[in-house]
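If you want the building blocks of each chain, they are given just below.
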Amino acid sequence: MSRNDKIMRGIAAAAFCLAAMSAGGAACAQQRTTIPLTLKDHRFEPAEPHAPSGQPLTIVLKNLDPTPAEFESKTLRVEKVVVGGGQITINIRPLAAGRYRFFDDFHEETQGFLVVE
């Protein structure tokens, strides 16, 4: 086998590995779970959304109230303001099974729990 043949095989193998890794990354991105959440009359709906453990999560929060709110969770390490009538997207790392409290920091009695199973 000539030196050029070895180089070409090496390039082909590297291209194959790169393509396989890219496909694996796309597969991981598809496993993200989206959790729709609304805030209306200072209440989260659903108040206890459920999500699978070990997968990255995306919470899409729509604030149906005219006033701003601050989605906060110390256990989820999130603190994000959503304007009245607005929407935010919150990306959460993969979590272990458990109950994770979240609340509106502007009205702390407005709370919910993310249940991860």
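Residues numbered from 1 in each chain as written. Predicted model: local features only at pLDDT ≥ 70, side-chain atom pairs only at ≥ 80, totals over all residues. Heavy atoms only, no water.

Read from one edge to the other, the open sheet built from 4 strands follows the order 2-1-4-7, with strand pairing classed as mixed. Edge strands, defined here as strands with exactly one partner in the open sheet, are strand 2 (43-45) and strand 7 (87-92). Here the strands of the sheet are splayed against their neighbours by 25 degrees on average, with no regard to which way each runs. Here strand 4 (residues 57-63) pairs with strand 7 via 6 bridges, running antiparallel. Counterpart to Lys62 in the pairing with strand 7 is Gln87. (Pairing = 2+ DSSP bridges. Helix = DSSP H or I, 4+ residues; strand = E, 2+ residues; numbered from the N terminus. Axes fitted to C-alpha atoms, helices over the stretch in contact; angles between N-to-C directions.)

Now for the pattern of salt bridges. Inspection of the entire model under this criterion finds 3 salt bridges. Here Glu72 makes a salt bridge to Lys74, at a shortest N to O gap of 3.0 Å. By relative accessible area, which is 7% here, Glu72 ends up buried. Lys74 sits in the exposed class, given a relative accessible area of 63%. The partner of Glu108 in a salt bridge is Arg101, with the nearest N and O atoms 3.6 Å apart. Residue classification places Glu108 among the partly exposed positions, given a relative accessible area of 41%. (Salt bridge = Lys/Arg side-chain N within 4 Å of Asp/Glu carboxyl O. Buried < 20%, exposed > 50% of the residue type's maximum accessible area, 1.4 Å probe, protein only.)

Looking now at the packing of aromatic side chains. All chains considered together, the criterion is met by 3 aromatic pairs. Between Phe44 and Phe102, the ring centres sit 4.9 Å apart and the planes meet at 80 degrees, which makes this aromatic pair edge-to-face. Remark: Phe102 occurs in strand 8 (residues 98-104) and Phe44 occurs in strand 2; sequence separation between them is 58 residues. Taking the relative accessible area as the measure of exposure, Phe44 reaches 5% and is therefore buried. The ring of Phe113 has Arg99 sitting right over it, with the charged end atom 4.0 Å from the ring centre. (Phe/Tyr/Trp six-rings, centres within 6.5 Å; stacked < 30°, edge-to-face > 60°. Lys NZ or Arg CZ within 6 Å of the ring centre and 35° of its normal.)

All right, on to the environment of Phe102 then. On the basis of relative accessible area, Phe102 is assigned to the buried category, the value being 1%. Put simply, Phe102 and Leu76 are 26 residues apart on the chain and 8.0 Å apart in space, counted from C-alpha to C-alpha. Apart from the residues lying within four places of it in its own chain, the contact partners of Phe102 are Leu37, Phe44, Ala47, Pro49, Phe71, Glu72, Ser73, Thr110, Gln111, Gly112, Phe113 and Leu114. (Contact = heavy atoms within 4.5 Å.)

Once that is clear, we can look at the nonpolar core. With 21 residues, the main nonpolar core has Leu61, Phe71, Ile92, Leu95 and Leu114 as its most contacted residues. Counting residues per element, the ones that place at least two in this core are strand 1 (33-40), strand 4, strand 5 (69-73), strand 6 (78-82), strand 7, strand 8 and strand 9 (107-116). (Core = buried A, V, L, I, M, F, W, Y, C linked by side-chain atoms within 4.5 Å.)

In this section: the sheet that holds strand 9. Strand pairing in a sheet relies on backbone hydrogen bonds, with the paired strands running either antiparallel or parallel. Pairing within the open sheet is mixed, and its 5 strands lie in the order 3-9-8-5-6. Looking along the sheet, the strands with just one partner apiece sit at the ends: strand 3 (50-51) and strand 6. Sheet analysis places strand 3 next to strand 9, joined by 2 bridges and oriented parallel. Among the inter-strand pairings, His50 is bridged to a residue of strand 9, identified as Val115.

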